[in-house]
Amino acid sequence: MGILMDPDIYPNPHLFDPERFSPENINNRHPMAYLPFGEGPRNCIGKRFALIQVTVGLAYILNHFKFTMNSKTKLPLEIDPTDIPIRVKGGAWFN
């Protein structure tokens, strides 16, 4: 709470300002100025638990269902170089 309420890091700390987390503002402050889950070997157990849940859920879906390419998917797949995270131009559609 001391970091989040520090006016040197976050001007007007009691004001709700979603722009604090815009890419430009994130790049202008120290990387350890926002630690919702902590950092290092003693970070929040919920962060690791959520990653395990997502992994198990994805494994279950891939194990129990069959996926095929939809006709809307443009082949060969072309990566959009301007998008982060990496995505396929036009999207990848599955049945």
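Residues numbered from 1 in each chain as written. Predicted model: local features only at pLDDT ≥ 70, side-chain atom pairs only at ≥ 80, totals over all residues. Heavy atoms only, no water.

Chemist: Help me understand the side chain of N43, please; the structure alone is not making it clear to me.
Modeler: Locating N43 in the fold gives a position in the loop between α1 (23-27) and α2 (45-64). Of the residues examined, N43 reaches a relative accessible area of 15% and is grouped as buried. With residues up to four places along the chain from it excluded, the contact list for N43 reads F37, G38 and R48. (Helix = DSSP H or I, 4+ residues; strand = E, 2+ residues; numbered from the N terminus. Buried < 20%, exposed > 50% of the residue type's maximum accessible area, 1.4 Å probe, protein only. Contact = heavy atoms within 4.5 Å.)

Chemist: Could you clarify how one ought to interpret the packing of aromatic side chains in this entry?
Modeler: Given two aromatic rings, one states the distance between the centres and the angle between the planes to describe the pair. A full pass over the atoms with the stated rule returns one aromatic pair. The ring of W93 has K72 sitting right over it, with the charged end atom 3.7 Å from the ring centre. (Phe/Tyr/Trp six-rings, centres within 6.5 Å; stacked < 30°, edge-to-face > 60°. Lys NZ or Arg CZ within 6 Å of the ring centre and 35° of its normal.)

Chemist: I would appreciate a short explanation of the UniProt feature "binding site: heme" (unreviewed entry) in the protein chain in the present structure.
Modeler: Here, UniProt's "binding site: heme" (unreviewed entry) annotation points to C44. Relative accessible area serves as the criterion here: at 32%, C44 is assigned to the partly exposed category. (UniProt positions renumbered as here; feature names shortened; annotations may be inferred.)

Chemist: Which parts of the structure should I look at to understand unusual backbone geometry?
Modeler: Negative phi values dominate among residues other than glycine, just as trans dominates among peptide bonds. For the bond from L75 to P76, the omega torsion is -5°, close enough to zero to count as cis. Checked against the element boundaries, P76 lands in the segment after α2. The backbone of N12 sits at a positive phi, close to 50°, despite the residue not being glycine. For N12, a relative accessible area of 53% corresponds to the exposed category.

Chemist: Whenever I open this one, a nonpolar patch on the surface confuses me. Can you help?
Modeler: Together, L58, Y60, I61, L62, F65, F67, M69, L75, L77 and F94 line one region of the surface with nonpolar side chains, adding up to about 1,100 Å² of accessible area. You can see L77 is positioned in the segment after α2. For L77, a relative accessible area of 44% corresponds to the partly exposed category. (Patch = residues over 30% accessible without salt bridge, like charges linked within 9 Å, V, L, I, M, F, W, Y side chains within 5 Å. Areas by Shrake-Rupley, 256 points an atom, 1.4 Å probe, with all protein chains shown as cover. Salt bridge = Lys/Arg side-chain N within 4 Å of Asp/Glu carboxyl O.)

Chemist: What exactly am I supposed to notice about the environment of Y34 here?
Modeler: For Y34, the position within the fold is in the loop between α1 and α2. Judged by its relative accessible area of 38%, Y34 falls in the partly exposed class. Beyond its immediate stretch of four places on either side in the chain, Y34 contacts L4, Y10 and F21.

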